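Descriptive structure summary
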Amino acid sequence: MRLIVLSLYMLLFWLASSNVFAQAKREAREPEAATGFNQKTAVKTQDYMVVAANPYASQAGAKVLAKGGSAIDAAVAIQAMLTLVEPQSSGIGGGSFMLYWDNKAKKLHSFDGRETAPAKVTADLFLKDGQPMKWIDAVVGGKSIGVPGTLKALHMAHQEFGVLPWSQLFDESIVLADKGFTVSKRLAKLIAMDFHPGLKVFPTSASYFYPLGKPLAAGTIKQNKPLSEVFKAIAQQGPKAFYTGPLAEKMAKAAQSSSINPGYLETTDLAAYKALKRQPVCGTYQSYDVCGMAPPSSGGVNVLQILRTLEPFNLSQYAPSSLKATHLFTQASRLAYADRALYIADTDFSNLPIAPLISAEYLASRTKLIDPDKDMGKALAGTPYSEALLAADNAYELPNTSHFVIVDKQGNAISMTASIEFAFGSGIMVEGFLMNNQLTDFSINPIKNNRLVLNRVEPNKRPRSAMSPTMVFDQEQQLVLALGSPGGNRIISYVAQSIIGVLDWGLDIQQAINLPKVTNRNDYTALEKGTELENLKQGLEKMGHKVQIRDLNSGVHGIQLVDGALIGGADPRREGVALGR
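To keep things clear, this report deals only with the structure shown in the data block.

Thresholds applied
- Residues numbered from 1 in each chain as written.
- Predicted model: local features only at pLDDT ≥ 70, side-chain atom pairs only at ≥ 80, totals over all residues.
- Heavy atoms only, no water.
- Axes fitted to C-alpha atoms, helices over the stretch in contact; angles between N-to-C directions.
- Helix = DSSP H or I, 4+ residues; strand = E, 2+ residues; numbered from the N terminus.
- Parallel < 35°, antiparallel > 145°, perpendicular 65-115°, else oblique.
- Left-handed = near helix turned anticlockwise from the far one by under 90°.
- Contact = heavy atoms within 4.5 Å.
- Nonpolar A, V, L, I, M, F, W, Y, C, P; charged D, E, K, R; others polar.
- Pairing = 2+ DSSP bridges.
- Right-handed = clockwise from strand over helix to strand, strands pointing away.
- Buried < 20%, exposed > 50% of the residue type's maximum accessible area, 1.4 Å probe, protein only.
- Polar contact = N/O pair within 3.5 Å; in protein donor to acceptor, adjacent residues only side chain to side chain.
- Phe/Tyr/Trp six-rings, centres within 6.5 Å; stacked < 30°, edge-to-face > 60°.
- Lys NZ or Arg CZ within 6 Å of the ring centre and 35° of its normal.
- Expected span 1.5 Å × (residues − 1).
- Salt bridge = Lys/Arg side-chain N within 4 Å of Asp/Glu carboxyl O.

With that settled, consider the packing of helix α6 (residues 171-179) against helix α9 (residues 225-237). Orientation of α6 relative to α9, taken along the N-to-C sense of each, is 160°, at an axis distance of 8 Å. The angle between α6 and α9 places the two elements in the roughly antiparallel class. Seen from above, α6 lies across α9 with left-handed handedness. Contacts between α6 and α9 involve Ser173, Ile174, Ala177 and Asp178 on the former and, on the latter, Lys225, Ser228, Phe231 and Lys232. Of the residues assigned to the contact of α6 with α9, the class counts are 3 nonpolar, 2 polar and 3 charged.

This is the structure we're talking about:
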């Protein structure tokens, strides 16, 4: 009987894999597909502001702030709610990066809640018969699961900056999980697309997302009582309810006994996990300081690289969607992504300092490589390090992620990006939440051209990420902008373009988010389908660009501070909203 069931599972897996591989090819590795464009206008408030990826989450955060809670109090409530209502993108089964601005002390903190590889993994984790597995074969099941970090990072920040008791911050999510939430159109569409090869294979996930064999429909009232019980335990006991005891045992067992790709996650890995405080990566752009996360996030380095490489071109002289501005942006992006592929990894393992990658001298040399009238083609990584003999990495890093921003009554602020990696993560659901597949953010192949890949799998290592929570400060150390986005490795471009929109083109944050998107990940120039950028295709091709017109499914959320007012912007490409008072 077991053999029959397993054979049925494998047949379903093969069919789903064929479907998702074809879909991934069609969508060029953009699995969390576009679900429409709803024009949004800026929201202005005076006291506090929340912008999150789902109305339920924004409401939960705003309620906490209305009670006098701090930004971190609101962040805990928001992330709990997103675990429930936006399960495809982030949750307590995944990881995150957070910037926290302490307005009274005028100090920026960063919290690394990125997943870690289990202690028993080896560099050949994703090799089969000596050959790298196809990404889609590696992503599903237990092998790709890293130790979740989001809950520990939130708790660490709350211990330092929280105002309301931790136990109160899960109330909204507990009630909604018990009563049921209304399934959004976006979630329903992503389930109906049936692109995750494991979601129908694993019984718990299948019964939750495909009740009676049919995908959840938009407008359905969906309860999640197991998750409610998990939140109740975490609220009363803190993170130990997650990282030790029965729940930890269930997560480890789910990974190890997966019918597809059994993994290595153990209870000892969960118990040993530590969130980290890291020094933020900051640098000047014009008269501003732009700050982001240090590796294993590449956002802090690469956003700064794009901005500072472009600074000599004075982008303010060009219209936002002009041929010249678009071309220059793609060239700076090529250079940044080339460096990213070679040099960015968990610095606790790489031991490469960040300063050489963002130094004025180095970036000036990179600027000289940009021809204002011609595409440079495939850019080579620079040589900021004299003795680094490494191979470039091409880990997929897919765009199911969530970003939220918060400013509280005291002016404290949070910019936080959280993810479970592929849409619906590993496909494995434990007690109402999905487990991540973040280990596939490592390079599938640890060695290329007889050289080690810096972002290779190693025990207890954190995979590289494009998540780019960012804050911008003026010369008086006043916060002027907090933003970030989902979008896989396109996140870097989405964030950099939005910053340019505000600082160079004088747009408010909503107008900057609304800008038609353009990316070049050192491959081809992607222009957002259905926008005025389509008109640039011929001109860019004459300059040597390889151009694709496609959906660019950003989810930029930001808050701009202007003359004491808060201006919130939510990406019209997703379902987020800005709320405040």
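Attention shifts here to the pairing of strand β22 (residues 547-550). Of the pairings in the sheet, the one linking strand β21 (residues 525-528) to β22 comprises 4 bridges and is parallel in character. What sits directly across from alanine 526, in β22, is glutamine 548. One crossover worth recording links β21 to the parallel β22 by way of helix α20 (residues 537-542), and it is right-handed.

Topologically, asparagine 224 is positioned in the loop between β8 (221-222) and α9. Exposure remark for asparagine 224: the relative accessible area of 2% places this residue in the buried category. Separated by 3.1 Å, the side chain of asparagine 224 and the backbone nitrogen of leucine 227 make a polar contact. A polar contact of 2.9 Å, which involves the side chain of asparagine 224, links it to the backbone oxygen of glycine 432. Setting aside its immediate chain neighbours within four residues, asparagine 224 contacts Leu84, Ala177, Tyr208 and Gly432.

What follows covers the sheet that holds strand β23 (residues 557-562). In space, the 7 strands of this open sheet follow the order β1-β24-β23-β19-β18-β11-β10, with antiparallel pairing throughout. In the strand order of this sheet, the two ends are held by β1 (43-45) and β10 (281-285), each with one partner. Taken over all neighbouring pairs, the strand axes of this sheet differ in orientation by 20° on average, direction set aside. Pairing of strand β11 (residues 288-292) with strand β18 (residues 470-473) involves 3 bridges; the strand directions are antiparallel. By the bridge assignment for β18, valine 290 is matched with valine 472. Of the strands in this sheet, β10 and β11 are in contact with helix α13 (residues 299-310), which crosses β10 at around 10°. Against the sheet, helix α18 (residues 491-503) contacts β10, β11, β18, β19 (479-484) and β23, and its axis sits at roughly 150° relative to β19.

For the rest of this paragraph, the subject is the environment of glycine 544. Tracing the sequence through the fold places glycine 544 in the loop between α20 and β22. You can call glycine 544 partly exposed: its relative accessible area is 45%. Taking the C-alpha atoms as reference points, glycine 544 and methionine 376, separated by 168 residues in sequence, lie 8.0 Å from one another.

Considering all chains together, one arrives at 13 aromatic pairs under this definition. Ring centres 5.7 Å apart and planes at 35° place the aromatic pair phenylalanine 242 and phenylalanine 433 in the tilted group. Taken together, the positions of phenylalanine 242 in helix α10 (residues 240-243) and phenylalanine 433 in strand β15 (residues 433-434) put the pair 191 residues apart, joining distant regions of the chain. For phenylalanine 242, a relative accessible area of 0% gives the class buried. Aromatic rings pair up to connect Trp135, Phe195, Tyr208, Phe209, Phe422 and Phe424 into one cluster. Sitting above the plane of the tyrosine 210 ring, lysine 200 keeps its charged end 4.8 Å from the centroid. Stacked on the ring of tyrosine 208, the Lys or Arg lysine 222 has its end atom at 4.4 Å from the ring centre.

Okay, the sheet that holds strand β20 (residues 518-520) next. Ordered in space as β20-β21-β22, the 3 strands form an open sheet in which the pairing is mixed. Of all the strands in the sheet, the pair left with one neighbour each is β20 and β22. Strand-to-strand twist in this sheet, taken as the mean axis angle between neighbours without regard to direction, amounts to 25°. Direction of pairing for β20 relative to β21: antiparallel, over a ladder of 3 bridges. By the bridge assignment, valine 518 is partnered in β21 with leucine 527. Of the strands in this sheet, β20 and β21 touch helix α14 (residues 323-343), which is tilted by about 35° from β20.

In this section: α13. Between its terminal C-alpha atoms α13 stretches 17 Å, which fits the 16 Å expected from 12 residues at 1.5 Å a residue. In terms of burial, α13 is a largely internal element, 12 of the 12 residues being buried. The inward-facing, buried residues of α13 abut β10, β11, α14, α16 (355-358), α17 (360-367) and α18.

Right, let's talk about the side chain of arginine 521 for a bit. Tracing the backbone shows arginine 521 in the loop between β20 and β21. One polar contact links arginine 521 to tyrosine 524, side chain to side chain, over a distance of 3.4 Å.

Within this structure, the stated rule accounts for 24 salt bridges. The closest approach of N and O atoms between lysine 200 and aspartate 194, which form a salt bridge, is 3.5 Å. Among the residues examined, lysine 200 registers a relative accessible area of 39% and is labelled partly exposed. One salt bridge in this structure joins arginine 521 and aspartate 523, with 3.4 Å as the shortest N-O distance. With relative accessibility at 17%, the residue arginine 521 sits in the buried group. Looking at aspartate 523, the relative accessible area reads 30%, which means it is partly exposed. Three or more residues joined by partner-sharing salt bridges are found here, namely Asp112, Arg278, Asp346, Asp348 and Arg462.

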